[in-house]
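Chain by chain, the residues run as shown.
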Amino acid sequence: MIQQASLKIENTPVTLRELALEKVRQAIIAGYFQAGDRLVERSLCDSLGVSRSVVREVIRYLEAEGLIEILPKKGPIVAILTWDVAEQIYNIRLLLEQSAAHDCALNASKQDKKILHDKLMAINQASAEQDDIKRVAASQAFYETIFQVAKHAIAWEIVQRLNSRISRLRALTLKSPERQLAGFERMTRIYHAIEQGDGQLAKQEVLEHLTEASALAKRILQQES
(Lines give C-alpha, C1' and ligand atoms only; values in the text may rest on other atoms or scores of the structure.)
Protein backbone atom coordinates (compact mmCIF):
# COMPACT_ATOMS: atom_id res chain seq x y z
CA MET A 1 0.00 0.00 0.00
CA ILE A 2 1.32 3.46 -0.86
CA GLN A 3 0.93 6.22 1.71
CA GLN A 4 0.92 9.96 0.99
CA ALA A 5 4.28 10.40 2.75
CA SER A 6 5.92 7.71 0.62
CA LEU A 7 5.51 9.85 -2.49
CA LYS A 8 8.04 12.36 -1.16
CA ILE A 9 11.33 12.20 -3.07
CA GLU A 10 14.52 11.81 -1.06
CA ASN A 11 18.05 12.85 -2.12
CA THR A 12 19.25 10.57 -4.91
CA PRO A 13 21.66 10.57 -7.88
CA VAL A 14 18.71 9.76 -10.16
CA THR A 15 17.19 12.84 -11.79
CA LEU A 16 14.10 14.31 -10.17
CA ARG A 17 12.10 13.75 -13.33
CA GLU A 18 13.02 10.04 -13.45
CA LEU A 19 12.23 9.49 -9.79
CA ALA A 20 8.99 11.47 -9.92
CA LEU A 21 7.97 9.48 -12.99
CA GLU A 22 8.59 6.18 -11.20
CA LYS A 23 6.77 7.32 -8.05
CA VAL A 24 3.61 8.37 -9.91
CA ARG A 25 3.73 5.31 -12.18
CA GLN A 26 3.91 3.04 -9.13
CA ALA A 27 1.11 4.95 -7.41
CA ILE A 28 -1.18 4.38 -10.41
CA ILE A 29 -0.22 0.70 -10.78
CA ALA A 30 -0.77 0.01 -7.07
CA GLY A 31 -4.12 1.83 -7.08
CA TYR A 32 -3.14 4.75 -4.85
CA PHE A 33 -4.41 6.87 -7.72
CA GLN A 34 -7.56 5.19 -9.02
CA ALA A 35 -8.97 5.04 -12.53
CA GLY A 36 -10.71 8.33 -13.33
CA ASP A 37 -8.99 10.28 -10.54
CA ARG A 38 -7.98 13.83 -11.48
CA LEU A 39 -4.27 14.52 -11.20
CA VAL A 40 -3.96 18.11 -10.02
CA GLU A 41 -0.56 19.65 -10.75
CA ARG A 42 -0.33 21.64 -7.52
CA SER A 43 -1.21 18.60 -5.39
CA LEU A 44 1.36 16.47 -7.19
CA CYS A 45 3.99 19.17 -6.73
CA ASP A 46 3.30 19.21 -3.00
CA SER A 47 3.18 15.41 -2.66
CA LEU A 48 6.37 14.79 -4.64
CA GLY A 49 8.26 17.89 -3.55
CA VAL A 50 9.12 18.88 -7.13
CA SER A 51 8.43 21.79 -9.48
CA ARG A 52 5.44 22.13 -11.77
CA SER A 53 7.68 21.67 -14.83
CA VAL A 54 8.76 18.25 -13.53
CA VAL A 55 5.15 17.26 -12.89
CA ARG A 56 4.18 18.29 -16.42
CA GLU A 57 6.98 16.15 -17.87
CA VAL A 58 5.80 13.20 -15.78
CA ILE A 59 2.24 13.63 -17.03
CA ARG A 60 3.44 13.70 -20.65
CA TYR A 61 5.43 10.48 -20.20
CA LEU A 62 2.60 8.65 -18.47
CA GLU A 63 0.14 9.78 -21.11
CA ALA A 64 2.42 8.18 -23.72
CA GLU A 65 2.46 4.98 -21.64
CA GLY A 66 -1.33 4.88 -21.56
CA LEU A 67 -1.62 5.41 -17.79
CA ILE A 68 -2.95 8.97 -18.02
CA GLU A 69 -5.55 10.62 -20.28
CA ILE A 70 -5.90 14.36 -20.88
CA LEU A 71 -9.56 15.34 -20.97
CA PRO A 72 -10.81 18.65 -22.45
CA LYS A 73 -11.70 21.18 -19.71
CA LYS A 74 -10.76 18.62 -17.04
CA GLY A 75 -7.06 18.02 -17.50
CA PRO A 76 -5.13 14.82 -16.69
CA ILE A 77 -6.89 11.85 -15.12
CA VAL A 78 -5.79 8.29 -14.44
CA ALA A 79 -6.75 6.39 -17.58
CA ILE A 80 -9.77 4.14 -17.28
CA LEU A 81 -8.67 0.62 -18.16
CA THR A 82 -11.42 -1.05 -20.18
CA TRP A 83 -11.78 -4.73 -21.04
CA ASP A 84 -11.49 -3.88 -24.76
CA VAL A 85 -7.96 -2.57 -24.15
CA ALA A 86 -7.06 -5.30 -21.64
CA GLU A 87 -8.16 -8.05 -24.03
CA GLN A 88 -5.81 -6.77 -26.73
CA ILE A 89 -2.93 -6.66 -24.23
CA TYR A 90 -3.58 -10.23 -23.10
CA ASN A 91 -3.74 -11.44 -26.71
CA ILE A 92 -0.36 -9.83 -27.45
CA ARG A 93 1.13 -11.26 -24.25
CA LEU A 94 -0.15 -14.71 -25.11
CA LEU A 95 1.53 -14.74 -28.51
CA LEU A 96 4.84 -13.32 -27.34
CA GLU A 97 5.17 -15.02 -23.96
CA GLN A 98 4.30 -18.50 -25.22
CA SER A 99 6.96 -18.24 -27.89
CA ALA A 100 9.53 -16.82 -25.46
CA ALA A 101 8.86 -19.48 -22.80
CA HIS A 102 9.18 -22.22 -25.42
CA ASP A 103 12.53 -20.98 -26.72
CA CYS A 104 13.78 -20.17 -23.22
CA ALA A 105 13.16 -23.79 -22.21
CA LEU A 106 15.21 -24.99 -25.19
CA ASN A 107 18.05 -22.46 -24.77
CA ALA A 108 18.43 -22.08 -21.01
CA SER A 109 21.80 -23.02 -19.54
CA LYS A 110 22.28 -24.15 -15.94
CA GLN A 111 23.27 -20.57 -15.03
CA ASP A 112 20.23 -19.16 -16.84
CA LYS A 113 17.96 -21.47 -14.83
CA LYS A 114 19.59 -20.36 -11.59
CA ILE A 115 19.04 -16.70 -12.47
CA LEU A 116 15.42 -17.41 -13.38
CA HIS A 117 14.94 -19.26 -10.09
CA ASP A 118 16.32 -16.26 -8.19
CA LYS A 119 13.83 -14.02 -10.00
CA LEU A 120 11.04 -16.43 -9.05
CA MET A 121 12.08 -16.33 -5.39
CA ALA A 122 11.98 -12.52 -5.52
CA ILE A 123 8.31 -12.79 -6.52
CA ASN A 124 7.70 -15.12 -3.58
CA GLN A 125 9.40 -12.72 -1.16
CA ALA A 126 7.40 -9.75 -2.44
CA SER A 127 4.20 -11.79 -2.11
CA ALA A 128 5.09 -12.72 1.48
CA GLU A 129 5.66 -9.03 2.26
CA GLN A 130 2.32 -8.18 0.57
CA ASP A 131 4.15 -5.46 -1.35
CA ASP A 132 2.24 -4.89 -4.60
CA ILE A 133 4.92 -2.69 -6.15
CA LYS A 134 7.74 -5.17 -5.45
CA ARG A 135 5.59 -8.05 -6.63
CA VAL A 136 4.81 -6.38 -9.96
CA ALA A 137 8.47 -5.36 -10.45
CA ALA A 138 9.67 -8.87 -9.60
CA SER A 139 7.17 -10.42 -12.04
CA GLN A 140 8.41 -8.09 -14.77
CA ALA A 141 12.04 -9.08 -14.04
CA PHE A 142 11.07 -12.78 -14.24
CA TYR A 143 9.55 -12.35 -17.68
CA GLU A 144 12.39 -10.15 -18.88
CA THR A 145 14.81 -12.99 -18.07
CA ILE A 146 12.68 -15.43 -20.07
CA PHE A 147 12.75 -13.15 -23.11
CA GLN A 148 16.50 -12.54 -22.75
CA VAL A 149 17.34 -16.23 -22.53
CA ALA A 150 15.01 -16.94 -25.46
CA LYS A 151 16.89 -14.26 -27.43
CA HIS A 152 13.59 -12.53 -28.24
CA ALA A 153 14.93 -8.98 -27.96
CA ILE A 154 12.48 -7.37 -30.40
CA ALA A 155 9.52 -9.10 -28.77
CA TRP A 156 10.66 -7.78 -25.39
CA GLU A 157 10.84 -4.25 -26.84
CA ILE A 158 7.17 -4.61 -27.78
CA VAL A 159 6.30 -5.88 -24.31
CA GLN A 160 8.22 -2.99 -22.71
CA ARG A 161 6.04 -0.47 -24.55
CA LEU A 162 3.03 -2.08 -22.87
CA ASN A 163 4.66 -2.77 -19.51
CA SER A 164 2.94 0.01 -17.58
CA ARG A 165 -0.49 -1.27 -18.57
CA ILE A 166 0.63 -4.91 -18.15
CA SER A 167 1.83 -4.05 -14.64
CA ARG A 168 -1.51 -2.41 -13.88
CA LEU A 169 -3.32 -5.58 -14.93
CA ARG A 170 -0.91 -7.71 -12.89
CA ALA A 171 -1.59 -5.64 -9.79
CA LEU A 172 -5.32 -6.02 -10.49
CA THR A 173 -5.26 -9.83 -10.76
CA LEU A 174 -2.26 -11.16 -8.80
CA LYS A 175 -3.81 -10.62 -5.37
CA SER A 176 -7.38 -11.54 -6.27
CA PRO A 177 -8.89 -14.33 -4.11
CA GLU A 178 -10.78 -15.52 -7.19
CA ARG A 179 -7.68 -17.10 -8.74
CA GLN A 180 -7.76 -20.90 -8.96
CA LEU A 181 -3.99 -20.88 -8.46
CA ALA A 182 -1.92 -18.03 -7.04
CA GLY A 183 0.13 -16.02 -9.52
CA PHE A 184 3.33 -17.28 -7.86
CA GLU A 185 2.27 -20.90 -8.32
CA ARG A 186 1.48 -20.27 -12.00
CA MET A 187 4.94 -18.74 -12.53
CA THR A 188 6.52 -21.62 -10.62
CA ARG A 189 4.94 -24.03 -13.09
CA ILE A 190 6.35 -22.02 -15.99
CA TYR A 191 9.77 -22.08 -14.32
CA HIS A 192 9.67 -25.86 -13.79
CA ALA A 193 8.77 -26.45 -17.45
CA ILE A 194 11.76 -24.31 -18.47
CA GLU A 195 14.00 -26.07 -15.94
CA GLN A 196 13.01 -29.41 -17.49
CA GLY A 197 13.78 -28.08 -20.99
CA ASP A 198 10.21 -28.83 -22.08
CA GLY A 199 9.25 -26.11 -24.53
CA GLN A 200 5.74 -27.40 -25.21
CA LEU A 201 4.94 -27.64 -21.52
CA ALA A 202 6.27 -24.11 -20.98
CA LYS A 203 3.90 -22.87 -23.71
CA GLN A 204 1.00 -24.70 -22.10
CA GLU A 205 1.73 -23.27 -18.66
CA VAL A 206 1.85 -19.73 -20.09
CA LEU A 207 -1.46 -20.40 -21.86
CA GLU A 208 -3.14 -21.56 -18.65
CA HIS A 209 -1.68 -18.69 -16.64
CA LEU A 210 -2.80 -15.96 -19.06
CA THR A 211 -6.18 -17.57 -19.77
CA GLU A 212 -7.02 -17.50 -16.08
CA ALA A 213 -5.62 -13.99 -15.56
CA SER A 214 -7.50 -12.71 -18.61
CA ALA A 215 -10.82 -14.18 -17.48
CA LEU A 216 -10.35 -12.68 -14.01
CA ALA A 217 -9.44 -9.26 -15.40
CA LYS A 218 -12.52 -9.38 -17.63
CA ARG A 219 -14.79 -10.02 -14.64
CA ILE A 220 -13.21 -7.26 -12.56
CA LEU A 221 -13.17 -4.66 -15.32
CA GLN A 222 -16.70 -5.37 -16.50
CA GLN A 223 -17.97 -5.11 -12.92
CA GLU A 224 -16.28 -1.71 -12.61
CA SER A 225 -17.67 -0.35 -15.89
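Overview of the structure. (Residues numbered from 1 in each chain as written. Predicted model: local features only at pLDDT ≥ 70, side-chain atom pairs only at ≥ 80, totals over all residues. Heavy atoms only, no water.)

Further remarks concern the side chain of His-102. For His-102, the position within the fold is in helix α4 (residues 83–107). In terms of polar contacts, His-102 uses its side chain to reach the side chain of Asp-103, at 2.9 Å. Setting aside residues no more than four positions away along its own chain, His-102 makes contact with Gly-199, Gln-200, Ala-202 and Lys-203. (Helix = DSSP H or I, 4+ residues; strand = E, 2+ residues; numbered from the N terminus. Polar contact = N/O pair within 3.5 Å; in protein donor to acceptor, adjacent residues only side chain to side chain. Contact = heavy atoms within 4.5 Å.)

Moving on to helix α1 (residues 16–29). Between its terminal C-alpha atoms α1 stretches 20 Å, which fits the 20 Å expected from 14 residues at 1.5 Å a residue. Of the surrounding secondary structure, the elements contacted by the buried residues of α1 are α2 (41–48), α3 (52–64), β1 (68–71), β2 (75–78), α6 (132–150) and α7 (153–174). After α1 finishes, the residue Gly-31 shows a positive phi value of roughly 90°. (Expected span 1.5 Å × (residues − 1).)

Although it is not a glycine, Lys-73 sits at a positive phi angle of roughly 65°. Along the polypeptide, Lys-73 turns up in the loop between β1 and β2. Look at Lys-73 and you get exposed, because its relative accessible area is 92%. Despite not being glycine, Lys-151 has its phi angle at roughly 65°, a positive value. By relative accessible area, which is 68% here, Lys-151 ends up exposed. (Buried < 20%, exposed > 50% of the residue type's maximum accessible area, 1.4 Å probe, protein only.)

Once that is clear, we can look at the packing of helix α5 (residues 110–128) against helix α8 (residues 183–195). At a minimum axis separation of 10 Å, α5 and α8 run at an interaxial angle of 175°. The angle between the axes of α5 and α8 places the two elements in the roughly antiparallel class. Of the residues in α8, those in contact with Lys-113, Leu-116, His-117, Leu-120, Met-121, Ile-123 and Asn-124 of α5 are Phe-184, Met-187, Thr-188, Tyr-191, Ile-194 and Glu-195. Residue composition of the contact of α5 with α8, by class: 8 nonpolar, 3 polar and 2 charged. (Axes fitted to C-alpha atoms, helices over the stretch in contact; angles between N-to-C directions. Parallel < 35°, antiparallel > 145°, perpendicular 65-115°, else oblique. Nonpolar A, V, L, I, M, F, W, Y, C, P; charged D, E, K, R; others polar.)

The next subject is empty space enclosed by the protein. Evaluated as defined, the whole model comprises 1 cavity of 30 Å³ or more. Lining the largest cavity are 11 residues, with Arg-93, Arg-170, Thr-173, His-209 and Ala-213 positioned closest to its centre. Elements supplying a minimum of two residues to the lining of the largest cavity: α4, α7 and α9 (199–224). (1 Å grid on protein atoms, 1.4 Å probe; cavity = no way out; pocket = protein on both sides within 12 Å on 5 of 7 lines; lining within 4 Å. Points joined across faces, edges and corners; volume = space filled by probe spheres on them.)

Before going further, it helps to examine the packing of aromatic side chains. Aromatic rings in a pair are described by how distant their centres are and how their planes are angled relative to each other. By the definition in use, this model includes 4 aromatic pairs. Taken together, a centroid distance of 4.9 Å and an interplanar angle of 65° make the contact between Tyr-32 and Phe-33 edge-to-face. Of the residues examined, Tyr-32 reaches a relative accessible area of 24% and is grouped as partly exposed. Residue class for Phe-33 comes out buried when judged on its relative accessible area of 15%. Relative to Tyr-90, the ring of Trp-83 lies with its centre 6.5 Å away and its plane at 35°, an arrangement referred to as tilted. Like Tyr-90, Trp-83 is buried. (Phe/Tyr/Trp six-rings, centres within 6.5 Å; stacked < 30°, edge-to-face > 60°.)

Under the criterion given, the structure shown has 11 salt bridges. Between Glu-57 and Arg-17 there is a salt bridge, and its shortest N-O distance comes to 4.0 Å. Residue Glu-57 is found in helix α3, and its partner Arg-17 is found in helix α1; the two are separated by 40 residues along the sequence. Look at Arg-17 and you get partly exposed, because its relative accessible area is 22%. Here Glu-97 and Arg-93 are joined by a salt bridge, their closest N and O atoms 2.6 Å apart. (Salt bridge = Lys/Arg side-chain N within 4 Å of Asp/Glu carboxyl O.)

Assignment of secondary structure puts Ala-35 in the loop between α1 and α2. For the pair Ala-35 and Leu-67, spaced 32 residues apart in sequence, the C-alpha separation works out to 9.0 Å. Apart from the residues lying within four places of it in its own chain, the contact partners of Ala-35 are Val-78, Ala-79, Ile-80 and Arg-168.

A few words now on the side chain of Ser-164. With respect to the helices, strands and loops of the structure, Ser-164 is situated in helix α7. Engagement of the side chain of Ser-164 in a polar contact is seen with the side chain of Glu-65, the distance being 2.4 Å. Contacts of Ser-164, omitting those with residues within four sequence positions, involve Arg-25, Ile-29, Glu-65 and Leu-67.

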